[in-house]
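Each chain is listed here by its residues.
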Amino acid sequence: MRPVIAVTTMVALALVGGTVAAQMQRRASTGALPEVQAELLPPPRVPAPITRSTPARVIVALETTGVKGTLADGVEYVFWTFGGTVPGPLIRVREGDTVEIRLSSAKGSLKTHSIDLRAVTGPGGGAAVTQVMPGERGDFEWKALDPGLYVYHCATPHGPVHIANGMYGMILVEPARGLEPVDKRNV
Ligand SMILES: [Cu+2]
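Not measured: the values here are computed from a predicted model.

1. A look at the coordination of the copper ion
- Every protein donor of the copper ion is listed here as His113 (ND1), Cys154 (SG), His162 (ND1) and Met167 (SD), and their distances to the metal cover 2.0 to 2.6 Å.
- Taken together, the four donor atoms coordinating the copper ion and their angles of 82 to 136 degrees define a geometry best described as irregular.
- As a motif over one chain, the donors of the copper ion read H-x40-C-x7-H-x4-M. Taken together, the residues His113 in the loop between β5 (98-105) and β6 (116-117) and Cys154 in the loop between β8 (148-153) and α2 (159-164) connect sequence positions 41 residues apart. Side by side, His113 and Cys154 carry an identical accessibility label, which is buried.

2. Regarding the sheet that holds β8
- Spatially, the four strands line up as an open sheet ordered β4-β9-β8-β6, and their pairing is mixed. Since the sheet does not close on itself, it has two edges, and those belong to β4 (91-94) and β6, each with one partner.
- Strand direction decides the pairing type here: β8 and strand β9 (residues 168-174), joined by six bridges, are antiparallel. Counted as the bridge partner of Val151 is Met170 from β9.

3. Here we look at the confidence of the model for the protein
- Here the protein averages 85 in pLDDT, and 83% of its residues register 70 or above.
- This stretch, residues 1-28, has a pLDDT under 50; its non-local contacts, to residues over four places away or in other chains, come to two contacts.

4. Overview of the environment of Phe140
- Locating Phe140 in the fold gives a position in strand β7 (residues 137-143).
- Put simply, Phe140 and Val99 are 41 residues apart on the chain and 8.3 Å apart in space, counted from C-alpha to C-alpha.
- Beyond its immediate stretch of four places on either side in the chain, Phe140 contacts Val99, Glu100, Ile101, Ile115, Leu117, Val120, Gly125, Gly126, Val129 and Thr130.

5. Considerations on the packing of aromatic side chains
- Here the structure, examined in full by the defined rule, presents two aromatic pairs.
- Here the aromatic rings of Tyr77 and Phe79 are separated by 5.3 Å at their centres, their planes lie at 75 degrees, and the arrangement is edge-to-face.
- The exposure class of Phe79 is buried, given its relative accessible area of 19%.
- Consider the rings of Phe82 and Tyr152, whose centres lie 5.3 Å apart with planes at 75 degrees: the pair is edge-to-face. In this pair, Phe82 is assigned in strand β3 (residues 75-82) and Tyr152 in strand β8, connecting sequence segments 70 residues apart. Accessibility classification places Phe82 together with Tyr152 in one group, the buried group.

About the cut-offs
Residues numbered from 1 in each chain as written. Predicted model: local features only at pLDDT ≥ 70, side-chain atom pairs only at ≥ 80, totals over all residues. Heavy atoms only, no water. Donors = N, O, S within 2.8 Å, 3.2 Å for Na, K, Ca; no water. Tetrahedral: all angles 85-135°; square planar, octahedral: opposite > 155°, others 65-115°. Helix = DSSP H or I, 4+ residues; strand = E, 2+ residues; numbered from the N terminus. Buried < 20%, exposed > 50% of the residue type's maximum accessible area, 1.4 Å probe, protein only. Pairing = 2+ DSSP bridges. pLDDT = per-residue confidence, 0-100. Contact = heavy atoms within 4.5 Å. Phe/Tyr/Trp six-rings, centres within 6.5 Å; stacked < 30°, edge-to-face > 60°.

What follows is the structure, encoded as structure tokens:
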């Protein structure tokens, strides 16, 4: 059994090595990208469609905060939020963008928080490197490879409790060719 384990380990290390090398190569090639700040709006408002036809480096600065809100008539509750709202703001990027997530936690917050974006193909969708304690900040960057609409959420144990308290939102990775026009619009 040992040779099998050794070979498996070597293959895994080679794959990880290749992935890291590819990421480093991509990182080196993103140096000249124009930098844009993600427009983060309180739902139901959403950022305008992306009109760029080339990749950019998108900065997403999100703060986790506790916000007192009304749960029902006369019932107040402190929600755990991304950006002060439940759900959190829609993040809008374009396929091929390099996205830098800057997740901070407000001073005075009572919990550690994190972010797991399902659009990210990496450890925990970013949660592995963004377990931020009150007053701290965790950053990471990733490349948006797969267009689609994905959920993001806090992934600090116990994850479902953080999500149930309000820590979720959506991220849209627009296709590089742009979105298809809609045939019906409700206004
Ligand atoms: Cu959390």
